[in-house]
Amino acid sequence: MVRLSRVTTVHLALALFALALIGQAVKVQLIQGEEWAERGRRQQYSQGAVAAGRGIIRDASGNVLVESRELMRLTVNLRDMGDRSILLRSLRNAGFPLEAIRQAADPARKWVDLPGLHVPSEVHRLLALPGVAARPVMSREYANNAGIRRIVGGVDRDGRGIDGIEMSLDSLLSGDTLLAAFALDSRGRRVDSPDGWTTPPRAGSNVTLTINRDLQEICERALARAADSLQATGGDIVVMNPTTGEVLAMASRRAGKGAVANTAVTEPFEPGSTLKPFIAAALLERKRAHPDEVIDTFNGEMTLNGRLITDSHKALRMSLADVIRLSSNVGIVRFAQRLTPRETYEALRDLGVGMATGVPLPAEADGTLREPGRWNNTSAASIVMGYELAVTPLQLVVAYAAIANGGELMQPHIVKEIRSSDGDLIFEATPRVVRRAMSPDVARQMRRMLTGVVDSGTAVRADLATFTVAGKSGTARRTVEGKGYVAGNYTASFVGLFPADKPLYIVLVKIDSPRGVYYGGEIAAPVTGVVLRAALAARDAALDRQDLADVKRELSSVDSSGPDADRAPERFGAGGAAPDLRAQRSAAEPSAAPVATASAERTPQPAKTVALPLKRPARVTDRRPRPVPDVAGLVLRDAVRALHNAGFRVTLANGQSVLTLPPAGTIAPAGTIIKLQHYR
Amino acid sequence: MAKRSLSSGRLLIACGLVGFVLTAAAVVARRGYGHQQGVRTAALEGRQVALESERVRLEAAIRDASSRPRLGPIAEKRLGMRVPADSQVVILSRATRSGGTP
């Protein structure tokens, strides 16, 4: 028998131990390698979905309307919490509701989801406690403005758009959601590691709307004042650029806190007399009437198929121009008898009545325009007076834009451009003509007729001292469900073209169920004046000052009763029997102002014009689009000068570098406002 | 002779062991430093996110505070300001060298 020395025995034991170690290593590394590697990954890395921020929504001038920020949703693992009294005290100090504190104190609970989303700086003490975990959640920060909220909509808990632009452009606004791996330290906190996930998710695209924030606020304020002072149940104001189809402002108001719908596109109404100009345009287009042509209006009373039609402003005879100027029901019904029902239907259909405009806002209403085959024996008369059909405020504005721009029905748009988070252009809106609705000559004649409405017709309260405004007022009876038309319940409206010669704005003001005075010319027209005055005084309200300078009237031509008070009757050479309402109003009700409009109306006219020592330059004609110059690296003064020299207007904003919005190289029309971001 | 080669062999092994220990220590120190930096970076990123969130909140508050609905009533009531009539608005037109509209 071989006797082993003690040294050999020890060596053998060590060798066996080493073999066992090697064997175990082989087992762990080669046989069970995958299992252990997976277990290690689970311990050292956590996987989770990382949502990129939704894109920013800006107004046309680059002002931020909506943007995303990261907030925290907190969870407390109560098992890891040694002394709960510290937690409870911290929760109380952080202002958590009593119910959450009670849940955290419950010894039977193992964890608590704390309510609400929190800014990290507000809960940093809580986050330092063991067992308190934070989950980042992207939250949307909206402008504190009800009107803008109605347009941009909102998102649900999961960050999906549920209304407005947020919903219609959800796929573009929402960024990529990536499944990411994070390295964790011994306390479970995320640690930056090359082994973890490194590529950030791609943020959503940024959307620029055509809405002008200043103008939007002006409209909302004017609407709120009018609705409050008239005790109206609601109202809408829509402002559109008739040349480009850009919707510049869209204010809506309805009674009740829960009313958040953008009613300017979702709620059709019977337009009443604001529809009459389209019938007049159809007559002119088909050469069935002339603006100066006079017909009998039977002193404002006529019976047709057993139905009595009456006028507010009674006259024995009126020209077509006066029918529009004084909004004669009898006159328009008599003139419209020269159109077949099919022609009336087609004329209105061509102007977009009864068809959704296609603006990218959810739940846009079609409106109503029945086929002639479904009309009854009074429908033709009702329709030409603006009843038995329904339009949304936006549809009506689009139709008036055709009169303003020379006869082209424009596709309205509310999204100006969409850029990826890297700044690449994804979409840019361009003016799109849907169809020609009337000839340029008819559109010009209609603008002259509508100027008469504000000059000396039913809407003189919309007039301005130094600019000519055209437009048409409307007062339509409102129906109540189950009761039909109810006495004393009206929609007062006015659609204005400003300035009349070369409209930059189409402004629709609609007031629902006002108390007391209810005529559109009396209550909606003054609101239009308020909006226009405020827009003129605003720094940036999407008005081309150069165009305005060209059409501004000299103050010396303004007489004491208002601008050009006696022009309209002679202009159309026919309305001998038709009254001049401005002159009548001056005599009968010199100061009656049913709506508490802005204090501008109380402003006395200036006694003299101050001559500024400025030389008026020659009219600039080169409006061709040109690239935005690159101003990176320039000092602010030089950057502004470079942009001015390139033919752009400049607005300044604070930022981290000298940048322009739109970015350098973008092709933009001369006169475009460039937002210049600069160091403070 | 044999004794000498044995001692040089042990020296080699000792040097190897020392080298291994030093290398391992360097790797551990480097990983520890990397981990520490990772924790710091994560903390700074968290702070950046928090500050960004705060910036968004404050900018929204500034926008809200400087909006017309907020300032308009204050300007009218406290300062007696008003919206000017259109006749009181002076429109200046100015040409640019390249022919644009400033």
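Residues numbered from 1 in each chain as written. Chains lettered and ligands numbered in written order. Predicted model: local features only at pLDDT ≥ 70, side-chain atom pairs only at ≥ 80, totals over all residues. Heavy atoms only, no water.

A. Representation of the overall build of chain B in the model. When helices and strands are tallied, chain B shows 2 helices and 0 strands. Residues counted as buried form 24% of the 102 residues belonging to chain B. Summing over all exposed atoms, chain B offers an accessible surface of approximately 7,500 Å²; the carbon and sulfur share of this is 64%. (Helix = DSSP H or I, 4+ residues; strand = E, 2+ residues; numbered from the N terminus. Buried < 20%, exposed > 50% of the residue type's maximum accessible area, 1.4 Å probe, protein only. Areas by Shrake-Rupley, 256 points an atom, 1.4 Å probe, with all protein chains shown as cover.)

B. Local environment of the overall build of chain A. The number of helices and strands found in chain A is 22 helices and 30 strands. Here chain A holds 680 residues, and 52% of them are scored as buried. Put simply, of all contacts in chain A between residues at least 6 apart along the chain, 70% involve residues at least 24 apart. Surface exposure of chain A reaches about 31,400 Å², of which carbon and sulfur atoms provide 52%. (Contact = heavy atoms within 4.5 Å.)

C. Focus on the nonpolar core. Residues and elements named next belong to chain A. Ile165, Leu209, Leu215, Ile237, Ile414, Phe498 and Tyr505 are the most contacted members of the largest nonpolar core, which has 138 residues in total. Domain assignment of the residues forming this core places at least three in each of domain 2 (48-209) and domain 3 (213-254 + 265-602). When residues no more than four places from it in sequence are discounted, the contact partners of Ile414 are Ile151, Ile165, Leu209, Thr210, Ile211, Val247, Met250, Val359, Pro360 and Leu361. (Core = buried A, V, L, I, M, F, W, Y, C linked by side-chain atoms within 4.5 Å. Domains from an automatic or database assignment.)

D. Quick peek at the packing of aromatic side chains. All names here are of chain A. Going through the model one piece at a time under the given rule, you end up with 6 aromatic pairs over all chains. Seen from their ring centres, Phe278 and Tyr400 are 5.0 Å apart, and the 65° between their planes marks the pair as edge-to-face. Placement of Phe278 in helix α11 (residues 276-285) and of Tyr400 in helix α16 (residues 393-404) is noted, with a sequence separation of 122 residues between them. Here the two residues Phe278 and Tyr400 agree in accessibility, since each one is buried. Ring plane angle 0° and centroid distance 3.8 Å describe the contact between Tyr490 and Tyr518, whose orientation is recorded as stacked. (Phe/Tyr/Trp six-rings, centres within 6.5 Å; stacked < 30°, edge-to-face > 60°.)

E. Region of interest: the confidence of the model for chain B. For chain B, the mean per-residue pLDDT works out to 83, and 85% of the residues sit at or above 70. Every residue in residues 97-102 of chain B scores below 50 in pLDDT, and together they form 31 contacts with partners more than four places removed in sequence or on other chains. (pLDDT = per-residue confidence, 0-100.)

F. Inspection of the environment of Gly72 of chain B at higher detail. Residues and elements named next belong to chain B. In this structure, Gly72 sits in helix α2 (residues 68-77). Residue Gly72 is classed as buried on the basis of its relative accessible area, which comes to 14%. Gly72 sits 11 residues away from Val83 along the chain, and the two C-alpha atoms are 9.2 Å apart.

G. Representation of the packing of α11 of chain A against helix α17 (residues 440-456) of chain A in the model. All names here are of chain A. Where α11 contacts α17, the two axes come as close as 10 Å, and the packing angle between them is 140°. Relative to α17, α11 is oriented oblique. Pair α11 / α17 crosses with right-handed handedness. Taking contact as the criterion, the partners of Pro277, Ala280, Ala281, Leu284 and Glu285 in α11 are, on α17, Val442, Gln445, Met446, Met449 and Leu450. Class assignment of the residues belonging to the contact of α11 with α17 gives a composition of 8 nonpolar, 1 polar and 1 charged. (Axes fitted to C-alpha atoms, helices over the stretch in contact; angles between N-to-C directions. Parallel < 35°, antiparallel > 145°, perpendicular 65-115°, else oblique. Left-handed = near helix turned anticlockwise from the far one by under 90°. Nonpolar A, V, L, I, M, F, W, Y, C, P; charged D, E, K, R; others polar.)

H. Quick look at the sheet that holds strand β21 (residues 470-480) of chain A. Residues and elements named next belong to chain A. Pairing is antiparallel across the open sheet formed by 5 strands, whose spatial order is β12-β11-β23-β22-β21. Taken across any chain shown, the strands that pair with only one partner, and hence form the sheet edges, are β12 (247-254) and β21. For this sheet, the mean inter-axis angle between neighbouring strands, taken without regard to orientation, is 10°. Inspection of the sheet shows strand β11 (residues 234-240) paired to strand β23 (residues 505-512) by 7 bridges, in the antiparallel sense. Opposite Met240, over in β23, you have Ile506 as the bridge partner. (Pairing = 2+ DSSP bridges.)

I. Quick peek at the side chain of Thr297 of chain A. Residues and elements named next belong to chain A. Mapped onto the fold, Thr297 is located in the loop between β13 (294-296) and β14 (301-304). Engagement of the side chain of Thr297 in a polar contact is seen with the backbone oxygen of Ala315, the distance being 2.5 Å. A polar contact is formed between the side chain of Thr297 and the backbone nitrogen of Arg317, at a distance of 3.5 Å. The residues touching Thr297, leaving out its near neighbours within four places in the chain, are Ala315, Leu316, Arg317, Met318, Ser328, Val330 and Gly331. (Polar contact = N/O pair within 3.5 Å; in protein donor to acceptor, adjacent residues only side chain to side chain.)

J. Quick peek at unusual backbone geometry. All names here are of chain A. The omega torsion across Phe498 and Pro499 is -20°, close enough to zero to call that bond cis. Tracing the backbone shows Pro499 in the loop between β22 (484-498) and β23. Positive phi values are uncommon outside glycine, yet Ser513 reaches one of about 45°. In this fold, Ser513 is placed in the loop between β23 and α18 (520-537). For Ser513, a relative accessible area of 13% corresponds to the buried category.

K. Representation of the pattern of salt bridges in the model. All names here are of chain A. Enumeration over the complete set of coordinates arrives at 34 salt bridges over all chains. Asp228 is paired through a salt bridge with Arg253; the nearest N and O atoms lie 2.5 Å apart. Taken together, the residues Asp228 in helix α9 (residues 213-230) and Arg253 in strand β12 connect sequence positions 25 residues apart. Given the relative accessible area of 48%, Asp228 is considered partly exposed. Taking the relative accessible area as the measure of exposure, Arg253 reaches 29% and is therefore partly exposed. (Salt bridge = Lys/Arg side-chain N within 4 Å of Asp/Glu carboxyl O.)

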